[in-house]
Amino acid sequence: MKKWITALFALTAIVSLVALTPSPVSTKSADPREDSLAADRAKYTKMVKEAIAGKEKLPAEQVFKNIKLFKGQPAEAILGIMENRWSKTLGVSCSHCHNVNDWASEEKHDHAIARDMVAMVGKINDDLLATIPAYATKERKPRIGCSTCHRGESHPGRPNTARAGGPGAPPRN
C-alpha cells in the first residue's frame, strides 16, 4: 500500500511539475520575500545539478543518498519537485528541510514530517475524498495537495501574526 501511495504521489508531483514549468514570459512576484527565496532555491538547485551532472536521467536512488519517496523517478525530476513545488508551497528554501552541506542528513525533523504528509495526502485523496458519493463522481475526481493547506506557509493554521517579525515577515526557515 505504501508503494502504491508513493507511486501515486510521485506521479502527481511530476504532473504538477510539468504544469508549473515556467513559460518564456517571466512573471516576477510582487512579494520580495518570494524573490529572495527563489534566488536561494535556485542557488542550491544549481549546486546539486552540477554535482549530479551526467546522472540526471538515472533513478533518484542511484544518484542521491537517503531517497525514500521518489524511488524510480529521474534524479532531475526530484530537483524540480523540490524547487518548484514543495518549497514554494511551504514558502521556504532548501535549508528548511535539509542540511545544505549534507543533503542526506536526517538532522532536521522536517524530512519525516514531509514523508508523513505525503502519506496523509494520499490517504485523504484515496480513502476519504473518493468515498464521498455526492462529491466524487466518474467525471469529478477531487484531489488535495500540499497547497490546499499550506498556501505558502510552512506551518498551516498558524495566523500570519504568529510569525516571528509579525505579518508580512519572511517565513521561518
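Residues numbered from 1 in each chain as written. Predicted model: local features only at pLDDT ≥ 70, side-chain atom pairs only at ≥ 80, totals over all residues. Heavy atoms only, no water.

As a further point, take the confidence of the model for the protein. The pLDDT averaged across the protein works out to 79; a share of 71% of its residues lies at or above 70. Within the protein, the lowest mean pLDDT, 55, falls on helix H1 (residues 2-20), and the highest, 94, falls on helix H3 (residues 60-63). Between residues 23-27, whose pLDDT stays under 50, and residues either more than four places distant or in other chains, the model counts 0 contacts. (pLDDT = per-residue confidence, 0-100. Helix = DSSP H or I, 4+ residues; strand = E, 2+ residues; numbered from the N terminus. Contact = heavy atoms within 4.5 Å.)

With that out of the way, let us pick up the side chain of Ser 87. Following the sequence through the fold, Ser 87 ends up in helix H4 (residues 75-90). Within the local environment of Ser 87, its side chain forms a polar contact with the backbone oxygen of Met 82, the two atoms lying 2.6 Å apart. Setting aside residues no more than four positions away along its own chain, Ser 87 makes contact with Arg 41, Met 82 and Val 92. (Polar contact = N/O pair within 3.5 Å; in protein donor to acceptor, adjacent residues only side chain to side chain.)

Turning our eyes to something else, we now look at the pattern of salt bridges. Note on pairing: side chains with opposite charge can pair once their charged atoms come close. Inspection of every chain in the model, using the stated rule, returns 7 salt bridges. For the salt bridge of Asp 40 with Lys 43, the shortest nitrogen-to-oxygen distance reads 3.6 Å. Of the two residues, Asp 40 and Lys 43 are both situated in helix H2 (residues 32-51); the distance of 3 residues between them amounts to about one turn of the helix. For Lys 43, a relative accessible area of 43% gives the class partly exposed. In this structure, the salt-bridge partner of Glu 76 is Lys 57, at a minimum N-O distance of 2.5 Å. (Salt bridge = Lys/Arg side-chain N within 4 Å of Asp/Glu carboxyl O. Buried < 20%, exposed > 50% of the residue type's maximum accessible area, 1.4 Å probe, protein only.)

So, about the layout of surface pockets. In this structure, the largest pocket encloses a volume near 1,100 Å³. Lining the largest pocket are 47 residues; nearest its centre among them are Met 82, Trp 86, Cys 97, His 98 and His 111. For the lining of the largest pocket, the secondary structure elements donating two or more residues are H2, H4, helix H5 (110-128) and helix H6 (146-149). Ranked by the residues each element gives to the lining of the largest pocket, the list is headed by H5, at 10 residues. Tallied by class, the residues present in the lining of the largest pocket amount to 30 nonpolar, 11 polar and 6 charged. (1 Å grid on protein atoms, 1.4 Å probe; cavity = no way out; pocket = protein on both sides within 12 Å on 5 of 7 lines; lining within 4 Å. Points joined across faces, edges and corners; volume = space filled by probe spheres on them. Nonpolar A, V, L, I, M, F, W, Y, C, P; charged D, E, K, R; others polar.)

Ranked by size, the top nonpolar core spans 15 residues in total, and within it Ile 52, Phe 64, Phe 70 and Trp 86 carry the most contacts. Looking at this core, the elements with two or more residues in it are H3 and H4. Ranked by residues supplied to this core, first place goes to H4 with 5 residues. Dropping the residues within four chain positions of it, Ile 52 is found in contact with Val 63, Phe 64, Ala 75 and Leu 79. (Core = buried A, V, L, I, M, F, W, Y, C linked by side-chain atoms within 4.5 Å.)

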